[in-house]
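Chains, contacts and geometry: an overview
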Amino acid sequence: MSVIPTHISQHICSMWMAETIMTYLRIDEHHNLIDWGGHPVHYGLSELTSGQSATDSLYFLEGMLTVPHTQILKFVRIGNDRSAHIHIIPFEREIWVILIDATEEHDQTQAMQQQLNELSILTYRQTQLLQDLEITRQTLQSEKQHLEKASQLKSQFIATLSHELRSPLTSIVDSADLLKTLQQTQLQEEKYLQSVQKNAQHLLGLIDNLLNQAQLEIGQTVLQPVNYEIELLADNLKTLFLSTALKKGLQFQVEVNVGMPRRLTLDPLRFQQILINLISNALKFTQQGSVQVQLYWQAPDRLYFKVTDTGQGISQETQQTLFMPFQRGEDAKNLSGTGLGLAISHQLVNLMQGNLTVTSTLGQGTVFQGYIQVGLVHSPLVSNIHTNHLKVLVVDDSPEFCALMENYLREGGYGVLIAENGEKAIQLALEEQPCLVLMDVHLPGINGYAASQELRKQRFNQPIIAISASALPQDRKYAFEVGCQQYLIKPISSNHLLEEIKRLII
Amino acid sequence: MASVQKKICMIGDFSVGKTSLVARFVRQAFSDKYLTTVGVKIDTKTIDLPTGQQVKLILWDIAGTDALNTTTASYLRGAAGYLLVIDGTRFPTWQSALNLQKAVTAQLGNKPFVALLNKADLVEQWEIDEQLVQDQQQQGWSILKTSAKTGLGVEESFLYLAKATLETH
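Values in this document were obtained by computation on a predicted structure and should not be read as measured data.

Okay, the overall build of chain B next. Tallying secondary structure elements over chain B gives five helices and six strands in all. Of the regular secondary structure in chain B, the N- to C-terminal order runs β-α-β-β-α-β-α-β-α-β-α. Looking at chain B as a whole, 54% of its 169 residues qualify as buried. Contacts in chain B between residues at least 24 apart in sequence constitute 73% of all its contacts with a sequence separation of at least 6. Summed over all atoms, the accessible surface of chain B reaches about 7300 Å², with 50% contributed by carbon and sulfur.

Our focus in this paragraph is the interface of chain B and chain A. Taken residue by residue, the interface counts 26 residues in chain B and 30 residues in chain A. Interface area, chain B with chain A, both sides summed: about 2400 Å², of which 56% is carbon and sulfur. Considering only the side of chain B, the residues that lose the most area to chain A are Gln 5, Val 38 and Arg 77 of chain B, jointly responsible for 26% of the buried surface there. Our enumeration of links across chain B and chain A arrives at zero salt bridges. Of all the secondary-structure elements, those providing two or more residues to the side of chain B that touches chain A are β1 (4–12), β2 (40–48), β3 (54–62) and α2 (70–75) of chain B. Here the element with the most residues in the side of chain B that touches chain A is β2 of chain B; it accounts for four residues.

Let us look at the sheet that holds strand β4 (residues 81–87) of chain B. Spatially, eleven strands are ordered β2(A)-β1(A)-β5(A)-β4(A)-β3(A)-β2(B)-β3(B)-β1(B)-β4(B)-β5(B)-β6(B) in an open sheet, and the strand pairing comes out mixed. Of all the strands in the sheet, just β2 (33–38) of chain A together with β6 (143–145) of chain B have a single pairing partner and so form its edges. Ignoring strand direction, the axes of neighbouring strands in this sheet form an average angle of 30°. Alignment of strand β1 (residues 22–27) of chain A against β2 of chain A, held across five bridges, turns out to be antiparallel. For Tyr 24 of chain A, the partnering residue across the bridge sits in β2 of chain A and is Gly 37 of chain A.

A word on helix α11 (residues 448–457) of chain A. Residue and element names in this part refer to chain A. Among all positions in α11, only Gly 448, Tyr 449, Ala 451, Ser 452 and Leu 455 are buried. Summarising the axial view, the buried residues of α11 lie within an arc of 165°, below the 170-degree limit, and thus occupy one face. Buried residues in α11 make contact with α10 (422–432), β16 (436–440), β17 (464–468), α12 (473–481) and β18 (486–489). By the N-cap criterion, in which a side-chain oxygen at the helix start approaches the backbone nitrogen of a residue two or three places on, α11 is capped by Asn 447, the distance to Tyr 449 being 3.1 Å. Arg 459 sits one or two positions beyond α11 and adopts a positive phi of about 65°.

All names here are of chain A. For the pair helix α9 (residues 399–411) and helix α13 (residues 494–505), interaxial distance at closest approach is 10 Å and the crossing angle is 60°. One element, α9, and the other, α13, form an angle in the oblique class. Seen from above, α9 lies across α13 with right-handed handedness. Contacts from Met 405, Tyr 408, Leu 409 and Glu 411 in α9 reach Ser 494, Leu 497, Leu 498 and Ile 501 in α13. The class makeup of the residues in the contact of α9 with α13 is six nonpolar, one polar and one charged.

To continue, consider unusual backbone geometry. Residues and elements named next belong to chain A. Backbone torsion omega between Ala 299 and Pro 300 reads 5°, so that peptide bond is classified as cis. Its place among the elements puts Pro 300 in the loop between β9 (290–298) and β10 (302–309). Cis geometry marks the peptide bond from Lys 490 to Pro 491, where omega comes out at -5°. Relative to the elements of secondary structure, Pro 491 occurs in the loop between β18 and α13.

Scanning the model with the defined rule gives 13 aromatic pairs over all chains in all. Each residue in the set Tyr 82, Trp 94, Phe 113 and Trp 141 of chain B is aromatic and connected to the rest through ring pairs, giving one cluster. Lying over the aromatic face of Tyr 371 of chain A, Arg 302 of chain A brings its terminal NZ or CZ to 3.9 Å of the ring centre. Lys 45 of chain B extends its terminal NZ or CZ atom over the ring of Phe 25 of chain B, reaching a point 4.5 Å from the ring centre.

Here we take up the nonpolar core. Leu 58, Phe 60 and Leu 99 of chain A together with Ile 11, Ile 42, Trp 60 and Leu 84 of chain B are the most contacted members of the largest nonpolar core, which totals 50 residues. Among the elements that line this core, the one with the most residues is helix α3 (residues 92–108) of chain B, at five residues. Non-local contacts of Ile 42 of chain B, meaning those with residues more than four positions away in its chain, are made with Tyr 59, Phe 60, Val 76, Arg 77 and Ile 78 of chain A together with Ile 58, Leu 59 and Trp 60 of chain B. Membership of the second largest hydrophobic core comes to 44 residues, among which are Leu 216, Leu 278, Trp 297 and Phe 323 of chain A.

Once that is clear, we can look at the pattern of salt bridges. On inspection of all chains with the given rule, the structure shows 19 salt bridges over all chains. A salt bridge links Lys 144 of chain A to Glu 148 of chain A, with the nearest nitrogen and oxygen atoms 3.2 Å apart. Of this pair, Lys 144 of chain A and Glu 148 of chain A are both found in helix α3 (residues 103–181), four residues apart, which corresponds to roughly one turn of the helix. Take Lys 144 of chain A: its relative accessible area is 45%, and that puts it in the partly exposed class. A salt bridge links Lys 41 of chain B to Asp 43 of chain B, with the shortest nitrogen-to-oxygen separation between them at 3.5 Å. Overall, the relative accessible area of 23% leaves Lys 41 of chain B in the partly exposed class. Asp 43 of chain B gets classed as buried once you look at its relative accessible area, which sits at 16%. Through salt bridges with shared partners, a single network forms among Arg 26, Asp 35 and Glu 94 of chain A.

Mean pLDDT over chain A works out to 85, with 92% of the residues at or above the 70 mark. Below a pLDDT of 50 lies the segment residues 379–385 of chain A, which in the model reaches nine contacts outside its immediate sequence neighbourhood of four places, other chains included.

What counts and how
Residues numbered from 1 in each chain as written. Chains lettered and ligands numbered in written order. Predicted model: local features only at pLDDT ≥ 70, side-chain atom pairs only at ≥ 80, totals over all residues. Heavy atoms only, no water. Helix = DSSP H or I, 4+ residues; strand = E, 2+ residues; numbered from the N terminus. Buried < 20%, exposed > 50% of the residue type's maximum accessible area, 1.4 Å probe, protein only. Contact = heavy atoms within 4.5 Å. Areas by Shrake-Rupley, 256 points an atom, 1.4 Å probe, with all protein chains shown as cover. Buried area = accessible area lost by both parts, 1.4 Å probe. Salt bridge = Lys/Arg side-chain N within 4 Å of Asp/Glu carboxyl O. Pairing = 2+ DSSP bridges. Axes fitted to C-alpha atoms, helices over the stretch in contact; angles between N-to-C directions. Arc of directions from axis to C-beta. Polar contact = N/O pair within 3.5 Å; in protein donor to acceptor, adjacent residues only side chain to side chain. Parallel < 35°, antiparallel > 145°, perpendicular 65-115°, else oblique. Left-handed = near helix turned anticlockwise from the far one by under 90°. Nonpolar A, V, L, I, M, F, W, Y, C, P; charged D, E, K, R; others polar. Phe/Tyr/Trp six-rings, centres within 6.5 Å; stacked < 30°, edge-to-face > 60°. Lys NZ or Arg CZ within 6 Å of the ring centre and 35° of its normal. Core = buried A, V, L, I, M, F, W, Y, C linked by side-chain atoms within 4.5 Å. pLDDT = per-residue confidence, 0-100.

Here is the structure:
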């Protein structure tokens, strides 16, 4: 390539300069303005004074004049919306600042850049939206799987439940038929009646479990803490399970450790329910050896429990889902049960601000242990009360129920008064001053709630136990509001009734 | 008291609101329309400090970028401090600010700066975790929330930086 002669390059230069809006500023070594040329007004630089500090009037040069060699600043917009390429050139102790107008080029570049930036933001927002959608999709998918699993479990549960309900019902119907149609000896009659009773109890247990689970699921279970003697609980458990254990040839022990306070504030029915579920389970899956229950105290407020069996053990996989409702391990598939017991126990323990865990080794046995939070009662224990001079007033319009209660009460050593309606109940209670009233809430005329309320108005101060077939929390609450001390749901066992009476009249 | 001049650079990713912050500070104006900056736009504003001192701020509103290139670096010469602007509704602009701060420090040395979490009026679309902000503050960063739209924190941010630039001399 040949060298462009000076004449030609000068020609090109003059042509370029003629077409370029150019401004120059000459600055001395002390950064004072010497002179200028071109079009400073083009950039709003109208008040220039020779000899003054250049950065006073040429503010854009602040900090820029100490340059060892040429600096080029592209697209500098300094006023009047004009953009320039600024060249700062040190030359023989002076500094030349050349401004070459670049407004047109700036506007073209800006239009292009604007499109690129807007596109980039749109892409970013779109990506974010897609990510959000993906998260929502995954959440919905997970929810769907969860619901499908729940639905599957409920279906399995209904299938199991149908079987569980049908077996005892068939047995009850058969036994009743036999009683009705055959001439039997007293021993045989008793056998069939026991069968009816046993199967009816079993059905009641199933239905109670279902109701408990439903109430726990919707958060409607309310604890009813009362002062309770822990030895009574241990005795109950022995009474309930000893015969089952003996029939299977198993050792069964309930041990209350030394140091346990005599009385604690807890919901005895619910705590007993927890232990009953754990013990039933242990007995069901233990074929030889023992089932041991331990209760021990840790101050200030923890009641620990431990149910140890020498049964077949639970696999790691089954342990993962053991406390979930309707879950039944492979080993339990051929045994009776609904898969609710452990779930209910677990949820009740949580409700009592406690903890329940399981450890198990296949072939060696299982330990369920945990604790609940309880209150401590510092009252002396009255273990033997003389009941034979105490009268209880039973109020119910059903003669059969009154007769049953009378049996229970007389077994417990109490005298009995009976009233079949609210009016008579009020009259008898005020005249005879019984030590306690068992008040059915559904009575003809003045109902049990109103009768209780009236008794309280008349300053009757003895305890009243409301009795009802309703397990609804609002009914229980209302009974307490009208002055009852306890609310029991039919059917009521003899032990339970006598315990409650004992607790209330001490 | 004699007025001093301080060159302040606005640095940050594109569309974080640098130009809008300058417009709010210098002209008390705001426009929702986005207009990208090419090169650099220079404005001035003289402020009175509580000490009575006047400072003329030469504001270099530099085109948005996520990394410091040669052109952007040439604008930084002589800066007394800078505002590092982040769009609170776009997390990547936080990452850009972290990168830019390191690059600017390498170029200028340790100059005073304030990080501005801009678009505080769109806080429901915020993508920057408060914990992240607190962690960065614990590492010595001054971080202020601003909104060029409502004016929240704008005046305070420039004033804070102006004072910081005077204290370093």
